[in-house]
Amino acid sequence: MSSADDGDSGDVLEGHRVLARALRHHGVEYMYGVVGIPVMEVAVAAMQEGIHYVGMRNEQAACYAAQARRGDFAQQMV
């Protein structure tokens with residue numbers, strides 16, 4: 001049984017936390033995406049790292065919102 005199975009996640013490296021920390025390290029301040037089960041862990045981890053997560057109803061709306069917020073496409077993540 002791994003430590004993730006027994007509830008002790010002290011030494012477990014979780015991908016969504018690694019991703020959120022890397023995004024914050026690279027200066028990402030806002031994330032736009034579709035709200036749903038596949039992205040909830042990433043969204044929560046991003047918010048814990050101080051990144052503003054903006055949940056949208058569809059991908060097109062997320063792209064429009066990200067473009068309106070900042071014209072720099074290099075730091076937009078949808």
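The structure under discussion appears in the preceding block.
Residues numbered from 1 in each chain as written. Predicted model: local features only at pLDDT ≥ 70, side-chain atom pairs only at ≥ 80, totals over all residues. Heavy atoms only, no water.

Asks: How would you summarise the packing of aromatic side chains if you had to cite specific residues and measurements?
Replies: Overall, the coordinates contain one aromatic pair when judged by the stated rule. Between Tyr30 and Tyr32, the ring centres sit 6.5 Å apart and the planes meet at 20°, which makes this aromatic pair stacked. Owing to a relative accessible area of 25%, Tyr30 belongs among the partly exposed residues under this scheme. (Phe/Tyr/Trp six-rings, centres within 6.5 Å; stacked < 30°, edge-to-face > 60°. Buried < 20%, exposed > 50% of the residue type's maximum accessible area, 1.4 Å probe, protein only.)

Asks: Outline the nonpolar core, supporting the account with residue identities and numerical values.
Replies: Generally speaking, nonpolar side chains in soluble globular proteins are found buried as a group. In this structure, Ala20, Leu23, Val28, Met31, Val42, Ala43, Ala45, Ala46, Ile51 and Tyr53 together form the largest nonpolar core, which totals 10 residues. It is helix H2 (residues 40-48) that provides the largest number of residues to this core, a total of four residues. (Core = buried A, V, L, I, M, F, W, Y, C linked by side-chain atoms within 4.5 Å. Helix = DSSP H or I, 4+ residues; strand = E, 2+ residues; numbered from the N terminus.)

Asks: Can you break down the pattern of salt bridges residue by residue, with the values?
Replies: Counting across every chain of the model gives two salt bridges. Between Arg17 and Glu14 there is a salt bridge, with its nearest N and O atoms 2.8 Å apart. Judged by its relative accessible area of 31%, Arg17 is partly exposed. In this structure, Arg21 engages Glu49 in a salt bridge whose closest nitrogen and oxygen atoms are separated by 3.4 Å. Highlighted residues: Arg21 in helix H1 (residues 15-25) and Glu49 in the loop between H2 and strand S2 (52-56), separated in sequence by 28 residues. Of the residues examined, Glu49 reaches a relative accessible area of 29% and is grouped as partly exposed. (Salt bridge = Lys/Arg side-chain N within 4 Å of Asp/Glu carboxyl O.)

Asks: An account of a nonpolar patch on the surface is requested, with residue identities and associated values reported.
Replies: Residues Val35, Ile37, Met40, Val44 and Met47 make up a contiguous nonpolar surface patch of about 470 Å² in total accessible area. Inspection of the secondary structure puts Val44 in helix H2. (Patch = residues over 30% accessible without salt bridge, like charges linked within 9 Å, V, L, I, M, F, W, Y side chains within 5 Å. Areas by Shrake-Rupley, 256 points an atom, 1.4 Å probe, with all protein chains shown as cover.)

Asks: Describe the packing of H1 against H2, listing the residues and the values that go with them.
Replies: Any two packed helices are characterised by how steeply their axes cross, that is the angle between the axes, and by the distance between the axes. The contact between H1 and H2 brings their axes to 8 Å, and the two run at 45°. Taken together, the axes of H1 and H2 are oblique relative to one another. Handedness of the crossing formed by H1 with H2: right-handed. Contact with H1, carried on its side by His16, Arg17, Leu19 and Ala20, involves Glu41, Val42, Ala45, Ala46 and Gln48 of H2 and no other residues of that element. Among the residues making up the contact of H1 with H2, the classes are represented as five nonpolar, two polar and two charged. (Axes fitted to C-alpha atoms, helices over the stretch in contact; angles between N-to-C directions. Parallel < 35°, antiparallel > 145°, perpendicular 65-115°, else oblique. Left-handed = near helix turned anticlockwise from the far one by under 90°. Contact = heavy atoms within 4.5 Å. Nonpolar A, V, L, I, M, F, W, Y, C, P; charged D, E, K, R; others polar.)

Asks: Can you tell me about the pairing of strand S1 (residues 30-34), naming the residues and giving the values?
Replies: Inspection of the sheet shows S1 paired to S2 by five bridges, in the parallel sense. What sits directly across from Tyr32, in S2, is Val54. On the question of chirality, the crossover connecting S1 to the parallel S2 by way of H2 is right-handed. (Pairing = 2+ DSSP bridges. Right-handed = clockwise from strand over helix to strand, strands pointing away.)

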